[in-house]
Amino acid sequence: MGRLSRFLLAVAFTVAGGCKALEAPENSATPVTAQSATITLTRLDCGSALIKDFDAFFSDRPGLYPKGPRQITDSCYLIRHGDQQMIWDTGFAAGLKGQSKDLGPLVIHLDTTLAEQLAQVGLKPADIDIVGISHMHSDHTGQAAEFPAATLLIGKQDFEKSAGKDDPFGPWRGAGKSVTLLTTDQDVFGDGSVVALHLPGHTPDHLALLVNLKSGPVLLTGDLYHSAMAREKRGVPPFNTSREETLASMDRFEALAKKIGAKVIIQHEPADIAKLPAFPKAAK
Ligand SMILES: [Zn+2]
């Protein structure tokens, strides 16, 4: 690991006060400079959902949010690192394409698949080297199996708990499969440019993603927050593994975001669509 990535990881850890057996930087005055590989970030459409009662669905403390219906996005991301390609989250299953499905408290919808959008930027599913999954919920795992040749990057317990019926990670079960299971932060490409952040609580080993673009750092929240209101109010949903861990992860995330001056993108927040260029354009 180079000095730059050591420094960057040290920032990611020490800012949040998490001590996870990472070595100290050789020289904490080392500036964070542009990486050698060109990094781009493209927003992909992985569906949408109409939440029939936003407050009831998203708050474990009724009355935190306005009642009534509200639309959310389901977004995925393409990160290009030189000639390596990474997908972050995989949305609803491709079989939903062109349809809406009423699941009771919400109606989910998908217009286009990841494979279709990748084709528009000259990529095939087989070109994807890494599929990173923020957490095990089905609105993030639906199209993972479309990339069986990729290395799967996911929180350890989220992977383990997904085994069994409707397993979205079938291609990665068994001996010799390419899976990276995280219980701590991970420098994805080894140069500090993309860092998976271990922010447990929403699920046992939930992850967010730091992408260090030339134009500045971007943080993709996973579902640490489901909305801008949740970030403002530190709202925790009823479907959540540990309230205490979630709040601690929010503290760590906010300290890092402030320290590095990151642009924060809440993946389900429609208001955050405009924070990145419209597809197929990429942020650089
Ligand atoms: Zn979600």
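Here, the structure is the one placed above.
Since this is a predicted model, take the numbers as computed values, not measurements.

Quick word on the overall build of the protein
Thinking step 1. Helix and strand counts for the protein come out as 7 helices and 13 strands.
Thinking step 2. Out of the 284 residues in the protein, the part that is buried amounts to 43%.

Some remarks on the sheet that holds strand β3 (residues 84-88)
Thinking step 1. If you trace the 8 strands from one edge of the open sheet to the other, you get β4-β5-β1-β2-β3-β6-β7-β8, paired in mixed fashion. Each edge of the open sheet carries a strand with a single partner, namely β4 (99-102) and β8 (179-182). Put simply, the sheet's adjacent strands are angled 20 degrees from each other on average, direction ignored.
Thinking step 2. Note that strand β1 (residues 39-51) and strand β2 (residues 70-81) share 11 bridges and pair antiparallel.

Remarks on the pairing of β2
Thinking step 1. Alignment of β2 against β3, held across 5 bridges, turns out to be antiparallel. By the bridge assignment, L78 is partnered in β3 with I87.
Thinking step 2. Once β2 ends, the chain turns through 2 residues before running back antiparallel as β3, passing G82 with a positive phi of about 55 degrees.

Some remarks on unusual backbone geometry
Outside of glycine, negative phi angles account for most residues, and trans bonds account for most peptide bonds.
Thinking step 1. Residue F279 is joined to P280 through a cis peptide bond whose omega torsion reads 10 degrees.
Thinking step 2. Residue placement: P280 occurs in the segment after β13 (263-265).
Thinking step 3. The phi dihedral of D89 is positive, around 70 degrees, even though this residue is not glycine.
Thinking step 4. Among the structural elements, D89 can be located in the loop between β3 and β4.

Procedures and definitions
- Residues numbered from 1 in each chain as written.
- Predicted model: local features only at pLDDT ≥ 70, side-chain atom pairs only at ≥ 80, totals over all residues.
- Helix = DSSP H or I, 4+ residues; strand = E, 2+ residues; numbered from the N terminus.
- Buried ≥ 20, exposed ≤ 12 C-beta atoms within 10 Å, placed from the backbone.
- Pairing = 2+ DSSP bridges.
- Axes fitted to C-alpha atoms, helices over the stretch in contact; angles between N-to-C directions.

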